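This is what each chain is made of:
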Amino acid sequence: MAEIGHDAPLLEHRSLWMDVWLAFRNHTGALVGVGVFAFIVLAVFLGPLLHTVDPHYLDIGARNAGASWEHPLGTDNLGRDMLAQVLAGGRISLAVGFTAMVLALVLGTAIGVLAGYFKRVDGLLMRTTDLFLALPLLPLLLVIIMLFRDTLRTAFGPETGIFLLIVFVIGITSWMQTARIVRGEVLAIKEREFVTAARSVGTRERRIVVRHVLPNVLSPIMVSATLGIANAIITESALSFLGLGFPPDFPTWGRLLFDGANFISITPERVIWPGLAISLTVLSVNYIGDGLRDALDPRLRGT
Amino acid sequence: MIRYLVRRLMFAVPTLIAISFAIFALLDLAPSDPTGQLPLTIPPEVRAQIRESLGLDEPFPVRYAKWMEQFFVNEPLNLVERAFDVEIGDSEGRTRVISYATRSPVVDIIAERMPQTLWVVGLSYVVGILIALPIGIVSAYRQYSWFDQVGTFVSMVGFSVPTFFTGLLAIILFSVMLGWLPSIYDTTHEVTDLASFWVQIKQILMPVLVLAFYNAAQLSRFMRASMLDNLNLDYVRTARAKGMRERAVLLVHVLRNSMIPVVTMIALGIPTIFGGAIITEQIFRVNGLGQLLIVAIQGADIPMVQTLTFLFAVLIVGFNLVADVLYGILDPRIRYE
């Protein structure tokens with residue numbers, strides 16, 4: 001068989017993910033998105049090795065300074081280095097975005113699969129989803145954070161406490177779309193022959209879900225994941241921008257914008273750099289999501 | 001249709017009650033004390049009296065029932081009274097939702113702040129729609145042209161870049177660097193003549209355009225997709241085969257059918273823009289509903305927060321209903337029976 005494969009390369013085995021990658025590669029926007037996103041992630045996590053200034057160090061002599069070799073993005077009103085702050089803020093913002101997305105995804109997938117596969121819980125779960133969709137999310141997020149901020153801060157320390165709180169509230173308020181999409185897919189898949197076949201040989205329900213249903217709903221989940229990161233980063237920045245997110249000692253991109261907004265006429269750079277970081281991250285993630293959606297849709301693939 | 005509407009209302013009411021309970025319980029069970037911000041020199045017994053005067057000594061179900069009565073019965077009655085200048089029952093004796101911070105009825109404060117928000121948010125939504133629809137139509141008609149490519153990119157940027165960044169950028173550019181427009185929205189400004197009208201235009205321009213850009217970005221993509229769904233259908237070919245002018249085919253036949261999902265989308269979007277207004281109002285210092293909510297949250301003014309948050313929920317549920325009904329009216333193929 002190997003000889004045939006060698007003689008006829010067209011018949012070579014191509015996995016699903018190879019196909020997806022080939023389609024993804026043709027989407028210019030998505031490729032640029034991957035590049036930009038990778039650059040931001042690398043810069044944020046490896047940047048501090050090159051730019052070794054402590055983001056908390058107060059260089060009082062160089063307050064509100066412009067760009068220089070010492071401070072490539074200038075300093076703020078207390079003389080803290082902006083580049084170091086943007087890098088440090090990026091680590092928190094990306095961590096929040098990623099963790100909140102994972103939480104929302106796990107919740108959404110679990111609820112979607114349960115609702116789609118088990119008819120008994122479908123009604124209840126979907127009504128719950130509708131209820132969550134009718135909640136005014138931004139006001140509620142603000143309220144929850146305001147009410148539980150101090151409790152969690154004393155319980156887990158200032159940084160971990162607020163991190164847990166923000167990740168948790170963003171996660172439990174953004175799973176609904178994923179749940180709806182997954183439920184729809186599961187409803188279609190569970191009627192397919194391979195599921196019937198699996199059931200006919202006595203496969204247990206749990207194994208059917210894990211082995212046969214879940215892999216088939218992976219594509220919409222992956223697209224939701226990218227959109228989820230973008231959404232979580234924007235929500236966290238919005239909360240911080242309203243002054244109800246991270247405290248000023250742990251500057252996320254949104255918090256830097258909030259603090260910089262008051263000095264907009266002295267040092268407009270303080271607004272531009274963190275804002276640019278948020279925008280580029282979200283834009284690149286959205287483009288990746290766009291490319292993934294096209295690549296994962298078999299109807300569009302190969303055209 | 002009526003039957004469907006009744007059924008939807010039967011579902012909307014329990015939803016709202018569940019949400020109101022969730023909001024009330026969340027705020028009530030939270031570890032925050034409305035007397036916590038008063039000076040420490042106030043003796044405990046006075047503190048207890050203050051709590052009593054705020055109605056906090058009663059058990060949770062009683063307070064919830066009272067709030068429900070005030071919100072769903074007393075306040076609507078007051079509104080009716082004021083609107084028609086009549087007196088229904090004992091209007092002086094009715095209890096109202098009272099703000100902790102100002103000690104005045106919450107609904108009166110909300111009514112004071114409403115116009116500012118409606119002006120900025122409403123205008124930006126209208127402007128956004130007016131920008132989005134033509135762009136969506138042209139993008140779909142000339143799919144993959146340079147106009148479409150640029151439009152796709154701009155709208156991608158439009159909904160990726162948060163309004164709190166575009167707003168601040170606009171302030172840097174037009175207020176700080178060029179000095180053309182004021183960065184703060186002055187709500188006490190009154191339009192009396194042409195000059196003051198011009199000032200009003202100048203101060204409302206930035207908040208409206210920033211929010212409109214964000215709204216237009218999403219809507220124009222949606223319009224484009226909806227047009228594309230219709231452009232290749234048989235009835236379009238038939239219309240062309242009959243010899244209709246291209247303009248009539250596009251703007252009468254295709255547009256009307258494509259507008260069905262777009263109109264419902266516009267209705268669904270109205271509550272979310274109130275949420276977005278919270279941020280826009282913070283950027284441009286508009287003292288509307290969003291700013292009222294932020295101040296109330298920071299001051300732990302619980303009745304105000306409860307009422308405002310619930311009002312947002314009412315908007316969402318209400319406009320969901322409106323969208324569903326609109327869909328049924330616009331598309332005769334939808335049958336609800």
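Residues numbered from 1 in each chain as written. Chains lettered and ligands numbered in written order. Predicted model: local features only at pLDDT ≥ 70, side-chain atom pairs only at ≥ 80, totals over all residues. Heavy atoms only, no water.

A. Quick peek at the overall build of chain A. Helices and strands together make up the secondary structure of chain A, namely 13 helices and zero strands. Each helix (α) and strand (β) of chain A, taken in turn from the N terminus, gives the series α-α-α-α-α-α-α-α-α-α-α-α-α. Projected onto the principal axes, the alpha-carbon positions of chain A cover approximately 75 × 55 × 30 Å. In chain A, buried positions account for 50% of the 303 residues. Long-range pairs, those at least 24 residues apart, make up 69% of the contacts in chain A with a sequence separation of at least 6. In the structure as shown, chain A presents an accessible area of about 15000 Å², 65% of it carried by carbon and sulfur atoms. (Helix = DSSP H or I, 4+ residues; strand = E, 2+ residues; numbered from the N terminus. Buried < 20%, exposed > 50% of the residue type's maximum accessible area, 1.4 Å probe, protein only. Contact = heavy atoms within 4.5 Å. Areas by Shrake-Rupley, 256 points an atom, 1.4 Å probe, with all protein chains shown as cover.)

B. Spotlight on the overall build of chain B. Tallying secondary structure elements over chain B gives eleven helices and zero strands in all. Going from the N terminus to the C terminus, chain B shows its helices and strands as α-α-α-α-α-α-α-α-α-α-α. Seen along its three principal axes, the alpha-carbon backbone of chain B occupies a region of about 85 × 60 × 40 Å.

C. Summary view of the confidence of the model for chain B. For chain B, per-residue confidence averages 82 on the pLDDT scale, and residues scoring 70 or more make up 92% of the total. Our summary of model confidence lists the complex with pTM equal to 0.84 and ipTM equal to 0.81. (pLDDT = per-residue confidence, 0-100.)

D. Up close: helix H7 (residues 194-231) of chain B. For H7(B), built from 38 residues, the straight-helix expectation of 56 Å at 1.5 Å per residue is missed by more than 12%, its first-to-last C-alpha distance being only 46 Å. Maximum bend of H7(B): about 35°, positioned at B:Leu205, with proline B:Pro207 one to four residues after it. (Expected span 1.5 Å × (residues − 1). Bend = angle between axes of the 7 residues up to and from the residue.)

E. View of helix H7 (residues 158-172) of chain A. Residues and elements named next belong to chain A. For H7, which comprises 15 residues, the first-to-last C-alpha distance of 21 Å matches the rise-based estimate of 21 Å (1.5 Å per residue) to within 8%. Considered for burial, the residues of H7 that qualify are Gly-161, Ile-162, Leu-165, Ile-166, Val-167, Val-169, Ile-170 and Gly-171. Taken together, the buried residues of H7 touch helix H4 (82-117), helix H6 (137-156) and helix H11 (218-241).

F. Structural view of the side chain of A:Asp259. Within the secondary structure, A:Asp259 sits in helix H12 (residues 253-261). When sequence neighbours within four positions are dropped, the list of residues in contact with A:Asp259 reads A:Pro248 and A:Arg270.

G. Up close: the interface of chain A and chain B. Across the boundary between the two partners, chain A contributes 39 residues, which contact 40 residues of chain B. Buried area between chain A and chain B, both sides added, is near 3400 Å², and the carbon and sulfur share of it is 86%. The interface formed by chain A and chain B includes zero salt bridges. Applying the counting criterion to the chain A and chain B interface returns one residue pair in polar contact (both at pLDDT 80 or more). (Buried area = accessible area lost by both parts, 1.4 Å probe. Salt bridge = Lys/Arg side-chain N within 4 Å of Asp/Glu carboxyl O. Polar contact = N/O pair within 3.5 Å; in protein donor to acceptor, adjacent residues only side chain to side chain.)

H. Structural detail: the packing of aromatic side chains. Residues and elements named next belong to chain B. Taken as a whole and judged by the stated rule, the model has 13 aromatic pairs over all chains. The interplanar angle of 70° and the centroid separation of 6.3 Å between the aromatic rings of Trp-146 and Phe-147 together place this pair among those described as edge-to-face. Joined through ring pairs, the aromatic side chains of Phe-21, Phe-24, Tyr-64, Trp-67, Phe-71 and Phe-310 make up one cluster. (Phe/Tyr/Trp six-rings, centres within 6.5 Å; stacked < 30°, edge-to-face > 60°.)

I. View of unusual backbone geometry. All names here are of chain B. The backbone of Tyr-144 shows a phi angle near 70°, a positive value even though the residue is not glycine. Looking at the secondary structure, you find Tyr-144 in the loop between helix H4 (106-141) and helix H5 (146-160). Taking the relative accessible area as the measure of exposure, Tyr-144 reaches 60% and is therefore exposed. Residue Arg-285 is not a glycine yet carries a positive backbone phi of 55°. Mapped onto the secondary structure, Arg-285 falls in the loop between helix H9 (246-284) and helix H10 (289-298).

J. A look at the confidence of the model for chain A. Scored by pLDDT, chain A has a mean of 83; 90% of the residues are at 70 or more. This model gives residues 1-5 of chain A a pLDDT under 50, and the stretch forms zero contacts once residues within four places in sequence are excluded.

K. Expanded view of a positive patch on the surface. Residues and elements named next belong to chain A. A cluster of basic residues, Arg-204, Arg-206, Arg-207 and Arg-211, forms a positive patch at the surface. The residue Arg-207 is located in helix H10 (residues 205-213) in this model. On the accessibility criterion, Arg-207 (53% relative accessible area) is exposed. (Patch = residues over 30% accessible without salt bridge, like charges linked within 9 Å, V, L, I, M, F, W, Y side chains within 5 Å. Lys, Arg positive; Asp, Glu negative; His and termini not counted. Charge placed at Lys NZ, Arg CZ, Asp CG, Glu CD.)

L. Local environment of the packing of H6(A) against H7(A). Residues and elements named next belong to chain A. Direction vectors running N to C along H6 and H7 enclose 145°, while the axes themselves pass 8 Å from each other. Like other packed secondary-structure pairs, H6 and H7 cross with a definite hand, here right-handed. Of the residues in H7, those touching H6 at Leu-141, Ile-144, Ile-145, Phe-148, Arg-149, Leu-152, Arg-153 and Phe-156 are Pro-158, Thr-160, Gly-161, Ile-162, Leu-164, Leu-165, Ile-166, Val-169 and Ile-170. For the contact of H6 with H7, the class distribution of residues is 13 nonpolar, two polar and two charged. (Axes fitted to C-alpha atoms, helices over the stretch in contact; angles between N-to-C directions. Left-handed = near helix turned anticlockwise from the far one by under 90°. Nonpolar A, V, L, I, M, F, W, Y, C, P; charged D, E, K, R; others polar.)

M. View of the packing of helix H3 (residues 28-50) of chain A against H4(A). Residue and element names in this part refer to chain A. The N-to-C vectors of H3 and H4 enclose an angle of 120°; their axes lie 9 Å apart at closest approach. One way to sum up the angle between H3 and H4 is to call them oblique. The interaxial crossing formed by H3 with H4 has left-handed handedness. Across from Phe-37, Val-41, Ala-43, Val-44, Phe-45, Gly-47 and Pro-48 in H3, the residues of H4 making contact are Leu-87, Gly-90, Arg-91 and Leu-94. Considering only residue class, the contact of H3 with H4 consists of eight nonpolar, two polar and one charged. (Parallel < 35°, antiparallel > 145°, perpendicular 65-115°, else oblique.)

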